[in-house]
Amino acid sequence: VAQLRGYLEQQMARIAQNIRGELEPREIINVTCELARGDSKLRRCEPDTVLISLLQACQLGLTLQKNLGHAYIIPRKNGFLSKQAGRDVIEATFMIGVRGLIHMVRQGNPNIHNIKAVIVYREEIEVGRFDMTAGSDPRIVHQPLLDKPPIENYAGVYSIVEFKDGAKADFEWMPRADVEKARAVSAAGEDGPWKTWPEEMIKKTVIRRHSKRLELKPEIAARIRDNEVLEM
C-alpha cells in the first residue's frame, strides 16, 4: 500500500488534470489506498493500471468510495502477459456501478427526480404479477414476489424514470435475450462482475439503454457512451 501511495502521489498533477466535479486529488488517493488495504488482489495489481482506473473514475466525476457503489476497481489476471512474464500479472480494471450510472443520468438532466431498475422473474409473469402495456398509453404493473427467485430465472428488466415537473414516468423494458446480447459483447461477459454481481450488471444494462433516449446534457451523454465502449 505504501508503494502504491508513493506511485500515485508522484502522479498527483495528472490526477488533478482529469478531475471533474468537486473531488480532491489527495482524497482520491486516500480512497484508492484504503481499497487496496482491504483487497490483497488489488495490492498485487500493476500500479499503472490502478492509476488508469482511478483516472477513468475522475473523468466520469465518480467516487471510488466502496459504500457509495459509484464505481469499482476490479483486479483481473492478464493471461497473455502472465504467460510472457512467467508470473501472474494482475491488472486493475475500472467498472462503473449502477449507482454511479444513475448519478450521472441525474446530473445530465436536472428534471429527473429518480431512476431505478427492477428485475422481472419468470415466476412473477406466470402468476400474473407482471403486466406491460404498449401503445399510446404505455404502462407497467409489477408486484414483485417477496421471496425473490434465483437470478437464473429472470425474464427481463425494466428501468423507470420519474420527473420533478410531474410529467408521466418513462420506462424502458429489456427482455432477457437483449440483456444476454449485451453481455456477449462485454469484455467481462463470462467472468468478473457478470458472475460476481449479475443483478447489478443486468440493471446497469437497461439503465444504459434507457439513457440513450433521455434528454441529457451532451457532455454527460458522451461520458456514458464512452464508458460503454470501454466495457465492450
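Further up the page is the structure itself.
What comes next is a walk through the structure. (Residues numbered from 1 in each chain as written. Predicted model: local features only at pLDDT ≥ 70, side-chain atom pairs only at ≥ 80, totals over all residues. Heavy atoms only, no water.)

**Focus: the side chain of glutamine 56**
Note the threshold: Segments assigned H or I by DSSP are reported as helices when at least four residues long, segments assigned E as strands when at least two residues long, and all are numbered from the N terminus. The rule is simple: take the accessible area with a 1.4 Å probe, protein chains only, and divide by the maximum for that residue type; under 20% is buried, over 50% is exposed, in between is partly exposed. Whether two residues touch is decided by their heavy atoms; if any such pair falls within 4.5 Å, the residues are in contact.
One can find glutamine 56 in helix α5 (residues 47-60). Owing to a relative accessible area of 18%, glutamine 56 belongs among the buried residues under this scheme. Contacts of glutamine 56, omitting those with residues within four sequence positions, involve Phe94 and Leu230.

**Brief notes about the nonpolar core**
The condition that has to hold: As used here, the term nonpolar core means buried Ala, Val, Leu, Ile, Met, Phe, Trp, Tyr and Cys residues forming a set that is joined through side-chain atoms within 4.5 Å.
Residues Ile15, Leu42, Leu64, Val157, Ile202 and Ile207 are the most contacted members of the largest nonpolar core, which totals 56 residues. In terms of residue count, α5 provides more of this core than any other element does, seven residues in total. Setting aside chain neighbours within four positions, we find leucine 42 in contact with Leu35, Ala36, Val50, Ile73, Pro75 and Ala92.

**Points about the packing of helix α1 (residues 2-10) against helix α3 (residues 25-37)**
Applied cut-off: Where helices are involved, their axes are fitted lines through C-alpha atoms of the stretch in contact, as for all axes, and angles between N-to-C directions lie from 0 to 180°. Geometric relationships in this document are graded by angle, where less than 35 degrees denotes roughly parallel, more than 145 denotes roughly antiparallel, 65 to 115 denotes roughly perpendicular, and other angles denote oblique. Two helices crossing with the near one rotated counterclockwise from the far one by less than a right angle form a left-handed crossing, whereas a clockwise rotation gives a right-handed crossing. Under the scheme applied, nonpolar residues are Ala, Val, Leu, Ile, Met, Phe, Trp, Tyr, Cys and Pro; charged residues are Asp, Glu, Lys and Arg; polar residues are all the others, including Gly.
Interhelical geometry of α1 versus α3 gives an angle of 155° and a closest axis separation of 10 Å. On the basis of the axis angle, α1 is roughly antiparallel to α3. Judged by the twist between their axes, the crossing of α1 over α3 is right-handed. Of the residues in α3, those touching α1 at Leu4, Arg5, Leu8 and Glu9 are Arg26, Ile29, Asn30, Thr32, Cys33, Ala36 and Arg37. Split into classes, the residues belonging to the contact of α1 with α3 amount to five nonpolar, two polar and four charged.

**Here we look at helix α12 (residues 218-231)**
Worth spelling out the cut-off: Here the expected length of a helix is defined as 1.5 Å per residue gap, with one fewer gap than residues.
With 14 residues, α12 should reach 20 Å at 1.5 Å per residue; the first-to-last C-alpha distance of 20 Å fits that figure. Among the residues making up α12, those that are buried are Ile220, Ala222, Arg223, Ile224, Asn227, Glu228 and Glu231.

**Comments concerning the sheet that holds strand β7 (residues 170-175)**
Our working rule: Any two strands between which DSSP finds at least two bridges are classified as paired.
Read from one edge of the open sheet, three strands run β3-β6-β7, paired in antiparallel fashion. The sheet terminates laterally at β3 (112-121) and β7, the two strands that pair on one side only. Ignoring strand direction, the axes of neighbouring strands in this sheet form an average angle of 15°. Direction of pairing for β3 relative to strand β6 (residues 154-163): antiparallel, over a ladder of nine bridges. For isoleucine 119, the partnering residue across the bridge sits in β6 and is valine 157. Packed on one face of the sheet, helix α9 (residues 176-184) meets β6 and β7 and runs near 75° to β7.

**Topic: helix α11 (residues 198-211)**
For α11, built from 14 residues, the straight-helix expectation of 20 Å at 1.5 Å per residue is met to within 8% by its first-to-last C-alpha distance of 20 Å. Most of α11 is tucked away: ten of the 14 residues are buried.

**A look at the pattern of salt bridges**
As a reminder, the rule being used: What makes a salt bridge here is a side-chain nitrogen of Lys or Arg within 4 Å of a carboxyl oxygen of Asp or Glu, nothing more.
For the coordinates displayed, the defined rule picks out eleven salt bridges. Between arginine 44 and aspartate 88 there is a salt bridge, with its nearest N and O atoms 3.8 Å apart. Highlighted residues: arginine 44 in the loop between α4 (40-43) and α5 and aspartate 88 in the loop between α6 (79-85) and β2 (90-96), separated in sequence by 44 residues. We classify aspartate 88 as partly exposed; its relative accessible area is 39%. Through salt bridges with shared partners, one network takes in Arg44, Lys77 and Asp88.

**Here we look at the state of the cysteines**
What counts here: The rule for a disulfide is simple: a pair of cysteine sulfur atoms within 2.5 Å.
Counted under the stated rule, the structure contains zero disulfides. We note that cysteine 33 lacks a disulfide partner, and the nearest cysteine sulfur, in cysteine 45, lies 13 Å from it. For the unlinked cysteine cysteine 58, the closest cysteine sulfur is that of cysteine 33, found at 13 Å. The buried category is assigned to cysteine 58, whose relative accessible area is 1%.

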